[in-house]
Amino acid sequence: MNQLHETANFIQSKIAAKAETAIILGSGLGNLSTKIQKEFEIPYTAIPNFPVSTVEGHKGRLILGILNGQKVWVLEGRFHFYEGYSPEQVVFPVRVLKLLGVKNLILSNAAGGVNPDYQVGDLMIIKDHISFFTINPLLGKNETELGTRFPDMSEPYAQDFIDKAKAIAAAHQIKVHEGVYVGVTGPTFETRSEYKLIKIVGGDVVGMSTVQENIAAVHSGMRVFAISVVTDLGIREDNNVITHQEVLEAANAAEPKLTLIISDLVKSIA
Ligand code: HPA
């Protein structure tokens, strides 16, 4: 808690402004920040206690600015368990956002499609997740200042945000799926048998982020919206060799659709 307060106080000493909504951008999805009228920007390396992202495609900057008329925090780049960070470090920025007064958290990520109806470049609104393959970030003594010991997870992704995003997508004639995200640790992509398993347990996509951030956000009372870009098809029987390059390219290609939905959503939830 001391570190969280120190970091939040540091940020507010640089920029006193508040924003109710924050956006965390995943691999190859950083282009949204070019749509923001920036008021403030700081690299993660200059923020005390902040981890530093080590992944290609993640810039590592905190931005405050205006998106579609709304003030937002944007985290360009996130921290993953597979980088060697503890689950607590992975969710550190989410908790800092909470202390900064953020109420709504929007998460984006690149994910592997396991639902056979999905295609590369599709978007999927996350309606629920399965986290049995990730480490829960709330393990350990509970910080009651952040939230309760046993958080309810019956609606980890706010239904009204989902409804709004679907309406926005329809208005722009953007195809969106709605499905279940299965969180894994990575950094290996899945074996053919693992993709099959993920499909059998009820997953529509699989990815290496988002679940821990969602849990920390729900724990501290934030409302969450999350959306995946399907960057590869793990379930494909023929040739499921998957490369990080392919993931980044597909994420970049789908980025404009995602940016449109998020920027309209920011306005409609304000
Ligand atoms: N599996 C796990 N994480 C991912 C994938 C995948 O196929 N694609 C993008 N992130």
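Just above sits the structure.
All of the points below concern the structure found in this document. (Residues numbered from 1 in each chain as written. Predicted model: local features only at pLDDT ≥ 70, side-chain atom pairs only at ≥ 80, totals over all residues. Heavy atoms only, no water.)

### A word on the pattern of salt bridges
We apply this condition: Salt bridges, as used here, are contacts in which a Lys or Arg side-chain nitrogen is within 4 Å of a carboxyl oxygen on Asp or Glu. Only DSSP runs of H or I reaching four residues or more are called helices, and only runs of E reaching two or more are called strands; each is numbered from the N terminus. Note on exposure labels: buried denotes an accessible area under 20% of the residue type's maximum, exposed denotes more than 50%, and partly exposed covers the range between, all computed with a 1.4 Å probe on protein chains only.
Evaluation of the coordinates by the stated rule reveals 8 salt bridges. Across the pair lysine 103 and glutamate 20 runs a salt bridge whose closest N-O atoms are separated by 3.6 Å. Here lysine 103, found in the loop between α3 (92-99) and β5 (104-113), pairs with glutamate 20, found in the loop between α1 (2-14) and β1 (21-25); they are 83 residues apart in sequence, far enough to count as distant. When its relative accessible area of 46% is taken as the criterion, lysine 103 is described as partly exposed. On the accessibility criterion, glutamate 20 (45% relative accessible area) is partly exposed.

### Brief notes about helix α6 (residues 211-219)
Two residues of an α-helix separated by three or four positions point the same way, owing to the 3.6 residues in each turn. Across the 9 residues of α6, 9 count as buried, placing the element largely inside the fold. Those residues of α6 that sit buried are Val211, Gln212, Glu213, Asn214, Ile215, Ala216, Ala217, Val218 and His219. Within two residues after α6, glycine 221 carries a phi angle of roughly 85°, on the positive side.

### Some details on the environment of tyrosine 157
This is how the line gets drawn: Residue contacts are defined here by distance: any two heavy atoms, one from each residue, within 4.5 Å place the two residues in contact. A 3.5 Å cut-off defines polar contacts: any pair of N or O atoms within that distance qualifies, except that in protein one atom must be a possible hydrogen donor and the other a possible acceptor, and neighbouring residues in sequence count only when both atoms are side-chain atoms.
Within the secondary structure layout, tyrosine 157 lies in the loop between β6 (123-130) and α4 (159-171). Given a relative accessible area of 1%, tyrosine 157 falls into the buried group. Each residue touching tyrosine 157, except ones within four places of it in the same chain, is listed here: Ile126, Lys127, Asp128, His129, Ile162, Thr210, Asn214, Val224 and Ala226. In terms of polar contacts, tyrosine 157 uses its side chain to reach the side chain of histidine 129, at 2.7 Å.

### Considerations on empty space enclosed by the protein
Left-over empty space is what a probe sized like a water molecule reveals as it rolls over the atoms. Selection criterion: Buried and open spaces are told apart on a 1 Å grid over the protein atoms alone, a cavity being a set of points where a 1.4 Å probe fits but cannot get out and a pocket being an open set with protein on both sides within 12 Å along at least five of seven lines. Residues with an atom within 4 Å of a point are the lining residues. Grid points are joined across faces, edges and corners, and a volume is the space filled by probe spheres set on the points. The classification used treats Ala, Val, Leu, Ile, Met, Phe, Trp, Tyr, Cys and Pro as nonpolar, Asp, Glu, Lys and Arg as charged, and all other residues, Gly among them, as polar.
Under the criterion given, the structure shown has 2 cavities of 30 Å³ or more. Roughly 70 Å³ of volume is contained in the largest cavity. Contributing to the lining of the largest cavity are Phe79, His80, Phe81, Val90, Thr134, Val184, Thr185, Met208, Ser209, Thr210, Gln212 and Glu213. For the lining of the largest cavity, the residue count by class is 5 nonpolar, 6 polar and 1 charged. Ile24, Leu75, Gly77, Arg78, Phe79, Val90, Pro93, Val94 and Glu213 together form the lining of the second largest cavity. Classifying every residue of the lining of the second largest cavity by side-chain character gives 6 nonpolar, 1 polar and 2 charged.

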